[in-house]
Amino acid sequence: MLFNKYQYNQFDINKRGYSQNSLAYNEEGKGFWVKWILGIDKNDTKAKILADKLRHLQKARHSALPDIIEYGYDEEQKAFAIVYELLEQVETLETNVYELKTQGAISGLLDLADCLKELHLKFKINHGDIHPANILIDKNGQFYLVDFGLADITKTLSQTKELEIFARDFVAPEKLNKLVKGFHFQSDIFSIGKVVEWFFDKRQQELAEQYALQLQKLLAENPADRPNWQQVINILKNFAVASETEAVQVSFRSPNGY
C-alpha cells in the first residue's frame, strides 16, 4: 500500500525504462494513477530536485496537466512515487499514432504548446524530455504531458536502451552539443517540432510546402532562430485549420518512398 492510503495490485504494475505505473485506489474506492521513478534513493539529491519541481508544477492548472495529488518516497517499492488524478483509458501518442485523426492530433499538440507556454511564463518550468511516450491521450482525445523534470535527474537512472534511443531522436541539438547555448524553453520547442515531424512521418503523410517550411522553423539548429511559444501556437493553429480541409495531407508515401 502506497503512503498507507493507496492500494494497488503488485501484478498490475507496468514497467518501462526508468519508471513503472499502476492504478491504485483509496479506502473509498476512488481511483488514482501512480507513477514510480526508479533508481532514486530516499536521501538522494535527485529526490530533492524532483520534489522541488513537482511542488511548483502542482500549483499549475491546465487541461493538458493531470492533477498531481501528492508525491514522496515509497518505502515499499523503494522508489519515488507520484500520485495523479485518474486518467481513464489512457494511451501514449507513441502507441496511438495510427488511430488518431490528423486534426485531432494537431489540436492536442496545440494544447500542449499552450500548456508549455503558460508553465514557462508563469512558473519558469520547462519539460526537458518531450517525446511521444511522454504524451498521454485519454478516451476523449485529451492530450496530457507527463514526466516533467525527469530529464534533469535520469542520466544516471536505469533506462532501457530501446526507450533511450527513441527519446534521443527528439532531443534538441544544444542538449547534445554543449558548445551551443540556448534557453530551456527553446529546447522544448524543438522537441515539439520533432513530435509533429514524427507524427506525419509515421503515418506516411506529407506536409504541403508552406507548412513544411513553418515546421522547419521549430527545428532550427540554432535555438535563437526558433520561434517563441506564441509563434509556435500560431503555426500549429495553421496546421489544425489546414488539416480540416485536408490541405496538410497532400499525399501518401509508399513504404519504398515512391
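This text follows the structure it describes.
Please read all numbers here as calculations on a predicted model, not as lab measurements.

Q: Can you help me understand the pattern of salt bridges in this one?
A: Any two side chains of opposite charge can pair, so long as their charged atoms come close to each other. All chains considered together, the criterion is met by ten salt bridges. Here Asp52 makes a salt bridge to Arg55, at a shortest N to O gap of 2.3 Å. Pair noted here: Asp52 and Arg55 are both in helix H1 (residues 45-57), with a separation of three residues, about one helical turn. Given the relative accessible area of 38%, Arg55 is considered partly exposed. Residue Arg226 pairs with Glu174 through a salt bridge whose shortest N-O separation is 2.8 Å. Taken as a pair, Arg226 in the loop between helix H7 (209-218) and helix H8 (229-244) and Glu174 in helix H5 (residues 173-176) lie far apart in primary sequence, 52 residues in all.

Q: I would appreciate a short explanation of the packing of H7 against H8 in the present structure.
A: The description of two helices packed together rests on the angle between their axes and the distance between the axes. Two elements in contact, H7 and H8, have axes whose closest approach is 10 Å; the angle formed by their N-to-C orientations is 150°. By the criterion of interaxial angle, the relationship of H7 to H8 is roughly antiparallel. H7 and H8 meet at a crossing whose hand is left-handed. From H7, Tyr211, Gln214, Leu215 and Leu218 reach across to H8, where they touch Val232, Ile235, Asn238, Phe239 and Ala242. Partitioning the contact of H7 with H8 into residue classes produces seven nonpolar, two polar and no charged.

Q: In this structure, what is going on with the sheet that holds strand E7 (residues 135-137)? I would like to understand it.
A: Two modes of strand pairing occur in sheets, parallel and antiparallel, and in both the strands are linked by backbone hydrogen bonds. As summarised here, the arrangement of the three strands in space is E6-E7-E8, forming an open sheet in which the pairing is antiparallel. In this open sheet, the two edge strands, each paired with only one partner strand, are strand E6 (91-92) and strand E8 (143-145). Summarising the sheet, E7 and E8 pair through three bridges and their orientation is antiparallel. The residue of E8 that forms the bridge with Leu136 is Tyr144. Of the strands in this sheet, E7 and E8 are in contact with helix H3 (residues 102-123), which crosses E8 at around 35°.

Conventions adopted
- Residues numbered from 1 in each chain as written.
- Predicted model: local features only at pLDDT ≥ 70, side-chain atom pairs only at ≥ 80, totals over all residues.
- Heavy atoms only, no water.
- Salt bridge = Lys/Arg side-chain N within 4 Å of Asp/Glu carboxyl O.
- Helix = DSSP H or I, 4+ residues; strand = E, 2+ residues; numbered from the N terminus.
- Buried < 20%, exposed > 50% of the residue type's maximum accessible area, 1.4 Å probe, protein only.
- Axes fitted to C-alpha atoms, helices over the stretch in contact; angles between N-to-C directions.
- Parallel < 35°, antiparallel > 145°, perpendicular 65-115°, else oblique.
- Left-handed = near helix turned anticlockwise from the far one by under 90°.
- Contact = heavy atoms within 4.5 Å.
- Nonpolar A, V, L, I, M, F, W, Y, C, P; charged D, E, K, R; others polar.
- Pairing = 2+ DSSP bridges.

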